Amino acid sequence: MSDREHLFSRKNLDLLKNPLGPSNPITVQVLGICSALAVTAQIKPAVVMSISVVIVTALANLIISLLRNTIPNRIRIIVQLVVIASLVILVDQVLKAFVYDVSKQLSVFVGLIITNCIIMGRLEAFALANKPWPSFLDGLGNGAGYGLILIIVAFFRELLGSGSVLGYNVVEKIGLDKIGYENNGLMVLSPMALITVGIIIWIHRSRDRSLIEDK
Amino acid sequence: MNRNGNTYTFIYASVMVIIVATILSVAAISLKPLQQQNIEVEKKQNILASVNINPPKEEAGKTYEKIIINSYVVNSSGETMEGIDAFTVDMKKEHAKPVEQRALPVYEAVIENEGIKYIMPLYGAGLWGPLWGYISLNSDMNTVYGAFFDHQSETPGLGAEIVTDMFQDPFTGKTLFDQNGEFVSITVAKKSEKAPEQHRVDAISGGTITSKGLQEMLYNDLQQYIAFFKKKKNSRYE
């Protein structure tokens, strides 16, 4: 094993960093949009959702990568699903036992992590063909890339829709409501999440020209 | 062994399922007591919230013991039903039964200097999922002393605002019966909607269906207690 790489070699760090920018799962690969719409009306559920997804993607990637040489090709999707579903149920059970209020807030969305395409996408595209450690990092990175967008969207939706940040009412504090400012109720509804994501994609692409396809 | 053969695939799938099943059952069983306790503590907190007492999680059990002096189950004719623990009554299951057969829990809370309050659970439907709550009445069985509402999946920032004090506090002091003793419940009304001041609270703008669901819930569930309310009221003057 002379060609063994350093744990945090540049290549490995890139696995962690790239999903935050040039290969972001939401803004570039456009995966996991569904839950990005559902849990981003306020920041707190978005943060908890992000943490849960990071844990699930990282662990699922790790487990599948460890098993990659044993998985029968014909049932590999089923195996992936079983691993993801079990992890999600474990996360859900742990949340219910230790942070009950948060698990109540997320309600069905934790279960819906199972259907998050980012996770299956990474398992298929990365974990099945790579060693455990890089797979684990790739999972962490993609989970974080997803979470980053989620939290940005949630920040704007909560600020413009409910006039608060993390439940702290900013609009009332700086007295905007007294001069006739009204919160935009539309921001709280899911369509505006889609539009917010769209704006983020626009900004992302205009700053990183390499993302724009050749005609 | 041939990794693409049928035998291998079957064995692989079976072993995987057994391992996963074991892990999940162990997790479910070992975490169950903690989860159950969370649910119980929350219920106690919710009941106490309806009489405007909000103890932290750690003290909820103790405070509950101190404040809630009595609990029992009545039926829709106002008679006490024996042998049922009010705390364990599942409102969702009761709602599946016909009204006459429902077990209706009542909790009696004693508040310092203010006497006994009667707490009734509520259960109904919002926009996306169930709503529930507790409402407490003064011993005149008419004036609301406090209310607490919660929901499973109402829209954050809109319908979900029913959990805020801003929505719940105005219920205090409202009455359920009009001067003639007719049951009118409480209307959760929009600004434009007319309703007597004594029987109305403001709805949530943008949360109309949740607000109306909550109004229905109050009407339907409190209606079942009318016989009990009248009985209690009369017994005070005897």
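Definitions and cut-offs
Residues numbered from 1 in each chain as written. Chains lettered and ligands numbered in written order. Predicted model: local features only at pLDDT ≥ 70, side-chain atom pairs only at ≥ 80, totals over all residues. Helix = DSSP H or I, 4+ residues; strand = E, 2+ residues; numbered from the N terminus. Rg over C-alpha atoms; globule rule 2.2 N^0.38 Å. Contact = placed C-beta atoms within 7 Å. Nonpolar A, V, L, I, M, F, W, Y, C, P; charged D, E, K, R; others polar. Pairing = 2+ DSSP bridges. Buried ≥ 20, exposed ≤ 12 C-beta atoms within 10 Å, placed from the backbone. Core = buried A, V, L, I, M, F, W, Y, C linked by C-beta atoms within 7 Å. Expected span 1.5 Å × (residues − 1). Arc of directions from axis to C-beta. pLDDT = per-residue confidence, 0-100.

### Quick notes on the overall build of chain B
In terms of regular secondary structure, chain B is built from six helices and eight strands. Against the globule reference of 18 Å for 238 residues, chain B gives a C-alpha radius of gyration of 23 Å, more extended than a compact globule. Seen along its three principal axes, the alpha-carbon backbone of chain B occupies a region of about 85 × 45 × 35 Å. Taking the contacts inside chain B whose residues are at least 6 apart along the sequence as the reference set, 53% of them involve residues at least 24 apart.

### Observations regarding the interface of chain B and chain A
Taken together, the 24 residues of chain B in the interface contact 21 residues of chain A. A breakdown of the residues in the side of chain B that touches chain A according to their chemical character gives 13 nonpolar, nine polar and two charged.

### A short note on the pairing of strand E1 (residues 68–74) of chain B
Residues and elements named next belong to chain B. Sheet topology note: the E1/strand E3 (residues 104–111) ladder contains six bridges and is antiparallel. Pairing of Ile68 across the sheet is with Ala109, part of E3. Pairing between E1 and strand E2 (residues 80–81): two bridges, direction antiparallel. The residue of E2 that forms the bridge with Val73 is Met81. Hairpin connection between E1 and E2: a loop of five residues separates the two successive antiparallel strands, and Gly78 in this loop has a positive phi of roughly 85 degrees.

### Brief notes about the sheet that holds E2(B)
All names here are of chain B. Across the sheet, six strands lie side by side as E2-E1-E3-E4-E5-E6; this open sheet has antiparallel pairing. The sheet is open, and its two borders are formed by E2 and strand E6 (144–151), each paired with just one other strand. Sheet analysis places strand E4 (residues 115–125) next to strand E5 (residues 130–137), joined by eight bridges and oriented antiparallel. Bridge pairing in E5 links Tyr118 to Leu137.

### Considering unusual backbone geometry
All names here are of chain B. One non-glycine residue, Asn52, lies in positive phi territory at about 60 degrees. Under the C-beta neighbour-count criterion, Asn52 is labelled partly exposed, with 17 such atoms within 10 Å. In this structure, Ser185 takes a positive phi of about 60 degrees despite not being glycine. Considering the arrangement of structural elements, one finds Ser185 in the loop between helix H4 (165–168) and strand E7 (187–189). Using a count of 19 C-beta atoms within 10 Å as the deciding quantity, one classes Ser185 as partly exposed.

### Quick word on the nonpolar core
If you look at the biggest cluster of nonpolar residues, it comprises 93 residues, and the most contacted ones within it are Val56(A), Ala60(A), Leu87(A), Leu150(A) and Ile119(B). Top element by residues in this core is helix H3 (residues 43–67) of chain A. It accounts for 12 residues. Setting aside residues no more than four positions away along its own chain, Val56(A) makes contact with Ile84(A), Leu87(A), Val88(A), Val91(A), Ile113(A) and Ile119(A).

### Some remarks on helix H10 (residues 190–207) of chain A
All names here are of chain A. When the terminal C-alpha atoms of H10 are compared, their 26 Å separation across 18 residues agrees well with the 26 Å that a helix rising 1.5 Å per residue should span. Looking only at H10, the buried set comprises Met192, Ala193, Thr196 and Val197. The arc enclosing the buried residues of H10, seen along the axis, measures out at 145 degrees, which places them on a common side. Exposed and facing more than 90 degrees away from the buried side of H10 are Pro191, Gly198, Trp202 and Ser206. Contacts from the buried residues of H10 go to helix H2 (33–38) and helix H8 (132–162).

### Some words on the pairing of E3(B)
All names here are of chain B. Direction of pairing for E3 relative to E4: antiparallel, over a ladder of five bridges. Counterpart to Ile111 in the pairing with E4 is Gly115. Hairpin connection of E3 to E4: three residues between the antiparallel strands, including Asn113 at a positive phi of 65 degrees.

### Some details on the confidence of the model for chain B
Residues and elements named next belong to chain B. When pLDDT is averaged along chain B, the result is 89, and 98% of the positions lie at 70 or above. Within chain B, the element-level pLDDT minimum falls on helix H6 (residues 226–237), averaging 83, and the maximum on E5, averaging 94. Here the complex is predicted with pTM 0.74, and the ipTM for its interfaces comes to 0.72.

### As for the environment of Tyr118(B)
Residues and elements named next belong to chain B. On the secondary structure map, Tyr118 appears in strand E4. C-beta crowding within 10 Å serves as the criterion here: with 21 such atoms nearby, Tyr118 is assigned to the buried category. C-alpha of Tyr118 to C-alpha of Ser136: the two residues are 18 residues apart in sequence and 5.2 Å apart in space. Other than its neighbours up to four places away in sequence, Tyr118 contacts Val106, Glu108, Ser136, Leu137 and Met141.

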